[in-house]
Amino acid sequence: GTTPNIAFNTLLNLIKTSNKTLICDADISEDKVELIESVVGRNEMIILKNNQSAFDGLEINILTQKQHFTTLLTTSVFIENKKIAVASATRVYVEMLFDEIVDMYKDDNPTPIRDVEAFIIEQQIDLFLYSPTIKTGLSINSAYFHQTFGHTSSYSILFNEMIQLLFRNRQVQDNKIILFID
């Protein structure tokens, strides 16, 4: 068979032969649940749905003009003295923004950071720029940043990856996300 068929049949076989299987999916469709039921058997399944809305109450402003986005960002950091997280779908944008402000935070001898959240809090970082290169494992769980800014592009990551990137910053003090769609 083809590689997708082999992989799919291997998955079905693993589900059938395991004693207990935990399947987690943020947005599993009903047809996928029915497929799993047909393999495992409905009486053998327990379905738990997480209906928690962790980001209720967030105001999301969508901008389409880069200058407006940049003005809001620089005003928030340099005039309003807010602590800002900036999620960018492209490394290029982060590098461009970084180059514009690098003299303010220049470090000639950078050291690796093991706990990013602790570092941000201890060093009282005002502006945290990050790109898709931080795929998994990084979350800012403290209510440290006032707002999250997001720069999206149709030339980079998928929509669901961008959402995950935006919500690396789990708690936003001002309950506001400002999103620029490039």
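A quick note: this is a predicted structure, and the numbers were derived from the prediction, not measured.

### Let's talk about the packing of helix α1 (residues 3–17) against helix α2 (residues 30–40)
Now for step 1: Running from amino to carboxyl end, α1 crosses α2 at an angle of 55 degrees, the nearest separation of the two axes being 9 Å. Viewed along their axes, α1 and α2 adopt a mutual orientation that is oblique. In the packing of α1 onto α2, the handedness of the crossing is right-handed. On α2, the residues touching F8, L12, I15 and K16 of α1 are L35, V39 and V40.
Now for step 2: Considering only residue class, the contact of α1 with α2 consists of six nonpolar, no polar and one charged.

### Concerning helix α3 (residues 66–79)
Now for step 1: For α3, spanning 14 residues, the distance from its first C-alpha to its last is 19 Å, which sits close to the expected 20 Å at 1.5 Å a residue.
Now for step 2: Every buried residue belonging to α3 is among F69, L73, S76 and V77, and all of these are buried. One side of α3 carries all its buried residues, which in axial view fall inside an arc of 90 degrees. Away from its buried face by more than 90 degrees, α3 exposes Q67 and I79.
Now for step 3: One or two steps after α3, the chain reaches N81, where phi turns positive at roughly 55 degrees.

Reading guide: rules and limits
- Residues numbered from 1 in each chain as written.
- Predicted model: local features only at pLDDT ≥ 70, side-chain atom pairs only at ≥ 80, totals over all residues.
- Heavy atoms only, no water.
- Axes fitted to C-alpha atoms, helices over the stretch in contact; angles between N-to-C directions.
- Helix = DSSP H or I, 4+ residues; strand = E, 2+ residues; numbered from the N terminus.
- Parallel < 35°, antiparallel > 145°, perpendicular 65-115°, else oblique.
- Left-handed = near helix turned anticlockwise from the far one by under 90°.
- Contact = heavy atoms within 4.5 Å.
- Nonpolar A, V, L, I, M, F, W, Y, C, P; charged D, E, K, R; others polar.
- Expected span 1.5 Å × (residues − 1).
- Buried < 20%, exposed > 50% of the residue type's maximum accessible area, 1.4 Å probe, protein only.
- Arc of directions from axis to C-beta.

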